[in-house]
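# Understanding the architecture of this molecule
This is what each chain is made of:
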Amino acid sequence: GEKVEQHQSTLSVREGDSAVINCTYTDTASSYFPWYKQEAGKSLHFVIDIRSNVDRKQSQRLTVLLDKKAKRFSLHITATQPEDSAIYFCAASMDSNYQLIWGSGTKLIIKP
Amino acid sequence: EAAVTQSPRNKVAVTGGKVTLSCNQTNNHNNMYWYRQDTGHGLRLIHYSYGAGSTEKGDIPDGYKASRPSQENFSLILELATPSQTSVYFCASGDSSGNTLYFGEGSRLIVV
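The text that follows walks through the structure, step by step, so that each part is easy to find. Computed from a prediction, not measured in an experiment: that's the story for all the values here. (Residues numbered from 1 in each chain as written. Chains lettered and ligands numbered in written order. Predicted model: local features only at pLDDT ≥ 70, side-chain atom pairs only at ≥ 80, totals over all residues. Heavy atoms only, no water.)

### A short note on the overall build of chain B
Short version of the rule: Runs of H or I in DSSP of at least four residues are treated as helices and runs of E of at least two as strands, each being numbered from the N terminus. Computation of the radius of gyration draws on C-alpha atoms alone. For the globule rule, the value is 2.2 Å times the number of residues to the power 0.38. Three labels apply to residues, based on accessible area from a 1.4 Å probe with only protein chains included: buried if under 20% of the type maximum, exposed if over 50%, partly exposed otherwise in between. Note on definitions: a residue-residue contact is assigned when non-hydrogen atoms from the two residues lie within 4.5 Å. The charged-residue count follows a simple rule in which Lys and Arg add positive charge and Asp and Glu add negative charge, with His and chain termini not counted at all. For this purpose, a charge sits on NZ of Lys, CZ of Arg, CG of Asp or CD of Glu.
When its secondary structure is counted, chain B shows 0 helices and 11 strands. Element order for chain B, N to C, with α for helix and β for strand: β-β-β-β-β-β-β-β-β-β-β. By the compact-globule yardstick of 13 Å for 112 residues, chain B fits well, its C-alpha radius of gyration being 13 Å. Structurally, chain B occupies a C-alpha span of about 40 × 30 × 25 Å along its principal axes. Residues counted as buried form 52% of the 112 residues belonging to chain B. Look at the contacts in chain B between residues 6 or more apart in sequence, and 54% of them connect residues 24 or more apart. Measuring between centres, the 9 positive side-chain charges of chain B sit 9 Å from its 9 negative side-chain charges.

### Considering the pairing of strand β4 (residues 31-38) of chain B
Residues and elements named next belong to chain B. This is how it is decided: Only when DSSP finds a minimum of two bridges between them are two strands counted as paired.
Taken across its 8 residues, β4 has 8 buried, putting it largely inside the fold. Residue alternation in β4 divides its side chains into two sets, N31, Y33, Y35 and Q37 and M32, W34, R36 and D38, and both sets are buried. As defined by bridge partners, β4 adjoins strand β9 (residues 87-94) across 7 bridges and the pair is classed as antiparallel. Note on β9: the bridge partner recorded for N31 is G94.

### Considering the sheet that holds strand β8 (residues 73-78) of chain B
Residue and element names in this part refer to chain B. To be explicit about the condition: A fitted line through C-alpha atoms represents every axis, and for helices the fit uses only the stretch in contact; the resulting angles, taken between N-to-C directions, go from 0 to 180 degrees.
Here 4 strands make up an open sheet; going across it, the order is β1-β3-β8-β7 and the pairing antiparallel. With partners counted over all chains shown, the strands left at the sheet margins are β1 (4-7) and β7 (65-67), one partner each. Across the sheet, the mean angle from the axis of one strand to that of its neighbour is 20 degrees, orientation sign disregarded. Across 3 bridges, β7 lies against β8 in antiparallel orientation. Residue pairing for β8: A66 is matched across the bridge by L76.

The structure is reproduced here in structure tokens:
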């Protein structure tokens, strides 16, 4: 079955710099890739997603890139701010109607 | 604003005891999910439901039962709790299109 991997358990960047969080997946049939954010001690909430019919999607300071050949997708955060500090989870599914398979999370630390 | 509430938020249970985690959503979403979150594993799906009266097994259903008596409520039941079930449990709801999931605040369970 599908496996989603986040190889960076922790990522530390200086405030104002960009951060890139990477995920890989195994199932070529996967077509829906959302990202969720979990702030310390809180629940998860949706931040952005991308579908396989495009290779790039931007929402304000967030951009998701999808490389279907490499089976890799990434979350890019520009001009990082302290409130970006959180654990970011990627996920994948064959379709938005199918169950999500989750990565293990990347803790993003924004240093002053 | 979507609302998913879980209770209890914190629970200490004894090995062999019965634990019920409750989830209520006011989003009128058909789909509801129970996940557990453990360090290094991300989110793992335990049970899910497509509507009142329906429950489906997720990826790790052993040792857990689920109940969906109404559109709004979805419970996770541990009939005989074990220390390996110590974890943080998240309930989520989503509409039938399967897009954004809305998560509850989480229930921290410790089994001693």
